[in-house]
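# Architecture and fold: a report
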Amino acid sequence: MTGRPRDTSIDERVLAVTRELLVEVGWDDLSVRLVAARSGVGRSSLNRRWNSKAELVLHAILGESPDMSPFSGTDLAGWIAWVVRGSHQLFSRPDVSEAVPGLLLALRENAAMRKALWDGFSGPAIELFAARGYGSESVAKAVLSMAAGAALFTTTVAADDDSPELQQQLVRLLSDALGVSPAE
């Protein structure tokens with residue numbers, strides 16, 4: 001026996017409202033109840049789709065799966081540049097900025113969610129990295145870690161020094177470490 005088809009417009013509406021509420025009220029005051037009320041969707045529908053506020057927020061800010069289109073047809077230099085700039089763009093978004101402190105705590109407490117997030121970030125990129133013969137899985141994971149870590153650090157702690165020049169320097173450093181000319 002099958003149920004009704006899943007209404008994808010509910011997901012879209014809920015995820016958009018979640019992003020809006022993150023900016024309006026922040027992580028601490030965001031609740032599944034508030035998202036349900038604002039989006040006009042029952043809490044039970046939200047609870048069937050997402051197990052926790054953290055899962056809902058992750059899905060709202062990152063999507064169901066990573067967008068790999070920027071990697072399409074790129075070389076190693078382009079891959080590095082995209083990882084640095086893409087990570088920075090992600091952590092610079094107001095909704096992500098509001099979500100990060102609470103998500104870090106939630107991820108520390110939930111190993112399964114932490115693993116799923118890392119696999120979602122690293123898995124497709126590692127496949128692309130390896131398919132082009134750029135090196136080992138550990139090299140790809142190191143580049144992702146350095147780029148994302150640098151983006152998180154510069155958008156939160158070193159915000160006064162955050163600049164396109166700093167991003168370009170990160171691209172140069174990672175490119176030099178891997179022996180490629182940075183993408184322009």
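Residues numbered from 1 in each chain as written. Predicted model: local features only at pLDDT ≥ 70, side-chain atom pairs only at ≥ 80, totals over all residues. Heavy atoms only, no water.

What follows deals with the nonpolar core. Ranked by internal contacts, the top residues of the largest apolar core, which has 30 residues, are Val14, Val35, Leu46, Val57 and Leu103. Counting only elements with at least two residues in this core, the list comes to helix H1 (8-29), helix H2 (32-39), helix H4 (53-62), helix H5 (76-92) and helix H6 (94-109). For this core, the element with the most residues is H1, which contributes seven residues. Domain assignment of the residues forming this core places at least three in each of domain 1 (8-60) and domain 2 (65-178). When neighbours within four sequence positions are excluded, Leu103 is seen to be in contact with Trp27, Ala54, Val57, Leu58 and Ile61. Listed in part, the 18 residues of the second largest apolar core include Phe71, Ile126, Ala147 and Leu174. (Core = buried A, V, L, I, M, F, W, Y, C linked by side-chain atoms within 4.5 Å. Buried < 20%, exposed > 50% of the residue type's maximum accessible area, 1.4 Å probe, protein only. Helix = DSSP H or I, 4+ residues; strand = E, 2+ residues; numbered from the N terminus. Domains from an automatic or database assignment. Contact = heavy atoms within 4.5 Å.)

A separate point is the UniProt feature "DNA-binding region" (unreviewed entry) in the protein. In this numbering, the UniProt entry assigns the feature "DNA-binding region" (unreviewed entry) to residues 31-50. End C-alpha to end C-alpha, residues 31-50 measures 12 Å, and it is 75% helix and 0% strand. (UniProt positions renumbered as here; feature names shortened; annotations may be inferred.)

Domain annotation for the protein reports domain 1 (8-60) and domain 2 (65-178). Counting from both sides, the interface comprises ten residues of domain 1 and, opposite them, eleven residues of domain 2. Around 840 Å² of area is buried between domain 1 and domain 2 when both sides are counted, 81% of it from carbon and sulfur atoms. In this structure, the connection of domain 1 to domain 2 is made through zero salt bridges. (Buried area = accessible area lost by both parts, 1.4 Å probe. Salt bridge = Lys/Arg side-chain N within 4 Å of Asp/Glu carboxyl O.)

The topology assignment puts Glu20 in helix H1. We classify Glu20 as partly exposed; its relative accessible area is 41%. Along the chain, Glu20 and Asp95 lie 75 residues apart, while their C-alpha atoms are 7.2 Å from each other.

This part is about the layout of surface pockets. Considering only enclosed or pocket space, the largest pocket measures out at about 1300 Å³ in volume. Lining the largest pocket we find 40 residues, and of these Leu58, Leu62, Leu90, Leu117 and Phe121 sit closest to its centre. For the lining of the largest pocket, the secondary structure elements donating two or more residues are H4, H5, H6, helix H7 (111-131) and helix H8 (137-156). Take the lining of the largest pocket: its biggest share by element is eight residues, from H7. Each residue belonging to the lining of the largest pocket can be placed in one class, and the counts come to 26 nonpolar, nine polar and five charged. Structurally, the lining of the largest pocket is a two-domain feature, drawing no fewer than three residues from each of domain 1 (8-60) and domain 2 (65-178). (1 Å grid on protein atoms, 1.4 Å probe; cavity = no way out; pocket = protein on both sides within 12 Å on 5 of 7 lines; lining within 4 Å. Points joined across faces, edges and corners; volume = space filled by probe spheres on them. Nonpolar A, V, L, I, M, F, W, Y, C, P; charged D, E, K, R; others polar.)

Attention now moves to the pattern of salt bridges. Note on pairing: side chains with opposite charge can pair once their charged atoms come close. According to the stated counting rule, one finds five salt bridges in the structure shown. Here Arg93 ties to Asp95 by a salt bridge, and the two come within 2.7 Å at their closest N and O atoms. The exposure class assigned to Arg93 is partly exposed, which follows from its relative accessible area of 28%. The exposure class assigned to Asp95 is buried, which follows from its relative accessible area of 6%.

Direction vectors running N to C along H5 and H8 enclose 35 degrees, while the axes themselves pass 8 Å from each other. Along this stretch, H5 crosses H8, giving a crossing that reads as right-handed. Contacts between H5 and H8 involve Trp79, Val83, Val84, Ser87, His88, Phe91 and Ser92 from the former and Ala140, Val143, Leu144, Ala147, Ala148, Ala151, Leu152, Thr154 and Thr155 from the latter. Considering only residue class, the contact of H5 with H8 consists of eleven nonpolar, five polar and no charged. (Axes fitted to C-alpha atoms, helices over the stretch in contact; angles between N-to-C directions. Left-handed = near helix turned anticlockwise from the far one by under 90°.)

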